[in-house]
Structure formats: structure tokens, C-alpha cells
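# Structural description and commentary
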Amino acid sequence: MDAPIITLIILFIAIVLFVSERIPLAVTAMLVLISLVLTNILTPAEAFTGFINSNVILFCAMFVVGGALFETGMANKIGGVVTHFAKTERQLLLAIMLVTAVLSGFLSNTGTAAVLIPAVIGIASRSGIRRSKLLMPLAFASAMGGNLSLIGAPGNLIVNGTLENMTNGATSFGFFSFALIGLPLMAVALVYFLTIGYKLLPDRDGVGGAEIYDEPPVEAPRWKQYLALGILVATILAMVFDDVIGLDMHIVGVTGALVLVLTGVMTERRALDAIDSRVIFLFAGMLPMATAMQKTGLGSLMAETVMNFLGEAPSPRLLLSVLFLISAGLSQFMSNTATTALLAPIGGAIALGIGADPSAVLMAICIGGSCAYATPLGMPANTMVLGVGGYRFNDYAKAGLPLVVVGYLVCVILLPMIWPFFPEG
């Protein structure tokens, strides 16, 4: 049996197990990893690379840095300040999504989510609102924020580079070109979550994640509280200026976590308790699937099979729609950066082949790749809130699929208006 077919079968079985949740999600992820090794799709070294992935290391570090806020009671204090100004559940939801999106527009989406999660848990604890009503919108907002600027997400830079190459530098996206779609999408998403989406979010306690977040907050000495907050702020600033200081985000995060333990703000035991191991095994276990889809060519095969059905000269709007849906579909299980890198050359080439400006098509691929809302595997932020939010696999599909549809409608309506397929002159 061909490697792409074997990979597709493993992916299909994984989806069934994830949706049914007959066995724990992390166990399913590890079964995927082992299956890819036993079928010789990946070598053991390739399969277990996820456990030293920079995002996984960042997860562990920021669970500790964020956990210190909760461990010392500082997260609860921050929650008190926020709830003083935003008194209703929907006001809190609006404030959290706006802050997250704005930060993600200029910082790492994953980093933004990582530093805001403990503060939001503190807000939920102080206000009496279930975490499950706030954390998933936070994760989704971090992805939407990536659509606000050229540097908001790696995929933005990829499609911009593709556009420049295909037009010999004559055309490119501006720094805030992505905001022409990102802002309307964010506005519609906010309305969605303040109305229908809020009702689709689960109403349950976050259990089964890191132990620290399931315990009542305890007031620690003030010096520990302010040192925990200071280290968090310093970590954020170091991430913002990572290019200047020459350190990657995961190295900054680990440094912050070590300082917390060395200064006695947290004990080694409590630092380990802050790490949500289920998230680590789920994310690291499923990363090899993305590798397998790229290595075997399954991702390309799926995209090309669909494109072949469209014929040699599909209408530009149909091409835009199909590529958006393919991009959104693949990004639920693959890195959205990898999805964008895979589809951008294909979509751009087809657009040029029918004489259309590729700008709208490339933007559709990029935005579609960011709409990874329907599974906890779609993006790191989704995975990070899984345990502490008390979410199940199907919760993401229930609240996230309508948001994918919203993204699709916004793109199909606005993209041809902003970047016409056949501009005059």
C-alpha cells in the first residue's frame, strides 16, 4: 500500500477517535505517532521530534511562568482589576478578545496566548465565570490577530513572498493589507461570540489540566507576587524584542521559568505541577502527522485532486472558494504555516494561468489557513487551553465550525472587491 494512502487511513482513524473520545486525546495522539513509525512512514527520530519542538518547549516554560501568577495569587489580583471595569460576562469576553487580537497582530500568536491564559483564569476565578466561556475565544482571537498585519503570522510573509515572486516584485501586500480582511473578520467574530457563539461555548469547569489551576488561589507574600508579575513582564518584553537580544522565544520562556524556581517564587514540584502534560503529549504526538502529510505528499495529493476537479480554467471566485476551504480544512490537522506554504504556489500559479491577479486567491489561502478553529490541534493556542478550559474535542467543532463559515463568507464577499481578479488598466 502506498505511503500517502497509509497516512490517510491513520489520519481518518485518528479523526474518528478524536471525535468519539472513546480513549483519551493524548493517548490517541501517541497511537498516531507509533502507527506512523510501525508502518515505516516516519523514522523514530522523525516521529519523536515533536517532543523537542520549540513550541512544545515554549508550552512547558510558559505554563510555569503563567502558573506562578496563579500560584502566588497575582492572577486573582489582576482578575479583580479587570472585573472592576468589565462587569458582565460579555463585556469580559469582548475585552479579552480585543486585547488578545491586538497583541497577536504584532507578537507571536502562541506567545500572546501563553502569557494571557493565566490572567484570564484569574479573571474567571475572581468573577465566578466558567473558564470554558473565556479561554476558547482567547485562543481564536490570537489567530484572528495574526490577520491584522504583515508580521502577524508566518503565513502572511509566505503569501507576500509568493506574490512578489510571481509578479517579479511588481505587486506585494502592504504592512496593513491583511487588516483589510482581518478587521472585518474580527468584527464579525466579536458579534458572533457575543451572540450565537457564546451559547455554543461549553459551560463547565476546567478540570484535568495543570493541577495548579484547579486549586483555590492562595495569597503568597507580596514579594513573590510582584516578582512573578515582573518575570512575566520581562519575559514578554524579551519575546517582543527577540530579534534584538538574539534569543528565541522558547529560550526566553525557559529562562523565565528557571528564574522563578531559583528565586523561590515556585518550588520545583509546583513548577512541574503547572505543566499540563496532556497538552504536551497531544501536541507533540500529532506533530508527526503534519510531517507525514508533507513527507508522503498526502497534503499535495489532496489539494491537487480537488483542483483537478475544477478543470484547467476554473472561475476565479470558484478557485478562491475552493482554495480557502482546502486551506481551512488542512489547517485543522496541519500547521497553518505549512498549509499556506503548500497551497500558495499552487493557487497563485492557477490564478496567473487564467489571467487573474493572484492577490485575492493568495489572501484567501492565508486567511483560510488561520481559520484553524474546529479542532484542538489546529494551532498551539487551541491545544494550550484544552485542559485548563475543560474542553472536549467536539467543543471546538461546535463553536469553531460556524466561525470558519464566517471567515469564508467574509473572504468570498470582500476579497474580489478589495483585490479584483481582473483589475482595469
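Read on for a plain summary of the structure. (Residues numbered from 1 in each chain as written. Predicted model: local features only at pLDDT ≥ 70, side-chain atom pairs only at ≥ 80, totals over all residues. Heavy atoms only, no water.)

### Digging into the pattern of salt bridges
The condition that has to hold: By salt bridge we mean one thing: a side-chain nitrogen of Lys or Arg within 4 Å of a carboxyl oxygen of Asp or Glu. The numbering of helices and of strands both runs from the N terminus, where a helix is a DSSP run of H or I of at least 4 residues and a strand a run of E of at least 2.
In this structure the tally under the stated criterion is five salt bridges. A salt bridge links Arg 130 to Asp 203, with the shortest nitrogen-to-oxygen separation between them at 3.3 Å. Taken together, the residues Arg 130 in the loop between α7 (109-127) and α8 (135-145) and Asp 203 in the loop between α11 (196-200) and α12 (222-240) connect sequence positions 73 residues apart. For Arg 270, the salt bridge is made with Asp 273, and the minimal N-O distance between the two is 3.3 Å. Note that Arg 270 and Asp 273 are positioned in helix α15 (residues 268-273) at a spacing of three residues, about one turn of the helix.

### Quick look at the environment of Val 233
Just so we agree on the cut-off: Between buried and exposed lies partly exposed: a residue is buried under 20% and exposed over 50% of the maximum accessible area for its type, with that area taken using a 1.4 Å probe on protein chains only.
Along the polypeptide, Val 233 turns up in helix α12. Assessed through its relative accessible area of 40%, Val 233 is described here as partly exposed. Along the sequence, Val 233 and Gly 145 sit 88 residues apart, while their C-alpha atoms lie 20 Å from each other.

### Some remarks on a nonpolar patch on the surface
The condition is simple: Each patch is built from residues lacking any salt bridge and having more than 30% relative accessible area; the joining distance is 9 Å for like charges and 5 Å for nonpolar side chains (Val, Leu, Ile, Met, Phe, Trp, Tyr). A 1.4 Å probe and the Shrake-Rupley method give the accessible areas. Residues count as covered only by the protein chains that appear here.
A grouping of Val 233, Leu 237, Phe 241, Val 244, Ile 245, Leu 247 and Ile 251 is seen on the molecular surface, where their side chains present a nonpolar patch of about 620 Å² in accessible area. Elements with a minimum of two residues in the nonpolar patch: α12 and α13 (242-245). Note on placement: Leu 247 falls in the loop between α13 and α14 (249-262). For Leu 247, a relative accessible area of 38% translates into the label partly exposed.

### Observations concerning α14
Just so we agree on the cut-off: A helix's residues, less one, multiplied by 1.5 Å, set its expected span. Regarding the arc, it is the one traced by the directions from the helix axis to the C-beta atoms.
For α14, spanning 14 residues, the distance from its first C-alpha to its last is 20 Å, which sits close to the expected 20 Å at 1.5 Å a residue. Considered for burial, the residues of α14 that qualify are His 250, Val 252, Gly 253, Gly 256, Ala 257 and Leu 260. The buried residues of α14 occupy one face: seen down the axis, they fall within an arc of 160 degrees. The first or second residue beyond α14 is Gly 264, which carries a positive phi of 85 degrees.

### Observations regarding the packing of helix α18 (residues 316-330) against helix α20 (residues 359-370)
Here is the rule we go by: Axes here refer to lines fitted to C-alpha atoms; in helices the fit is confined to the stretch in contact. Angles between the N-to-C directions go from 0 to 180 degrees. Each angle gets one of four labels, with under 35 degrees taken as roughly parallel, over 145 as roughly antiparallel, 65 to 115 as roughly perpendicular, and the rest as oblique. Note: crossing handedness is left-handed where the near helix turns anticlockwise from the far helix by less than a right angle, and right-handed where it turns clockwise. Residue contacts are counted whenever heavy atoms from the two residues lie within 4.5 Å of one another. All amino acids are sorted into three groups, where Ala, Val, Leu, Ile, Met, Phe, Trp, Tyr, Cys and Pro are nonpolar, Asp, Glu, Lys and Arg are charged, and the leftover types, Gly among them, are polar.
Across the interface, α18 lies against α20 with an axial gap of 7 Å and an inter-helix angle of 25 degrees. Looking at the two axes, α18 sits roughly parallel to α20. Where α18 crosses over α20, the two elements pack in a sense that is right-handed. Two secondary-structure elements touch here, α18 through Leu 319, Leu 320, Leu 323, Phe 324, Ser 327 and Ala 328 and α20 through Ala 360, Val 361, Ala 364, Ile 365, Ile 367, Gly 368 and Gly 369. For the contact of α18 with α20, the residue count by class is 10 nonpolar, three polar and no charged.

### Quick look at the packing of aromatic side chains
Operational definition: Aromatic pairs are defined between Phe, Tyr and Trp rings, using the six-membered ring for Trp, whenever the two ring centres lie within 6.5 Å; interplanar angles under 30 degrees are classed as stacked, those over 60 as edge-to-face, and all others as tilted. Here, a charge over a ring is recorded when the distance from Lys NZ or Arg CZ to the ring centre is within 6 Å and its angle to the ring normal is within 35 degrees.
Under the definition given, this model contains nine aromatic pairs. Joined through ring pairs, the aromatic side chains of Phe 140, Tyr 192, Phe 193 and Tyr 373 make up one cluster. Lys 133 extends its terminal NZ or CZ atom over the ring of Tyr 198, reaching a point 4.5 Å from the ring centre.

### Here we look at the environment of Pro 221
Looking at the element boundaries, Pro 221 is found in the loop between α11 and α12. Residue Pro 221 is classed as partly exposed on the basis of its relative accessible area of 43%. Separated by 148 residues in the primary sequence, Pro 221 and Gly 73 place their C-alpha atoms 9.3 Å from one another.

The quantities given are spatial measurements derived from coordinates; they are silent on function.
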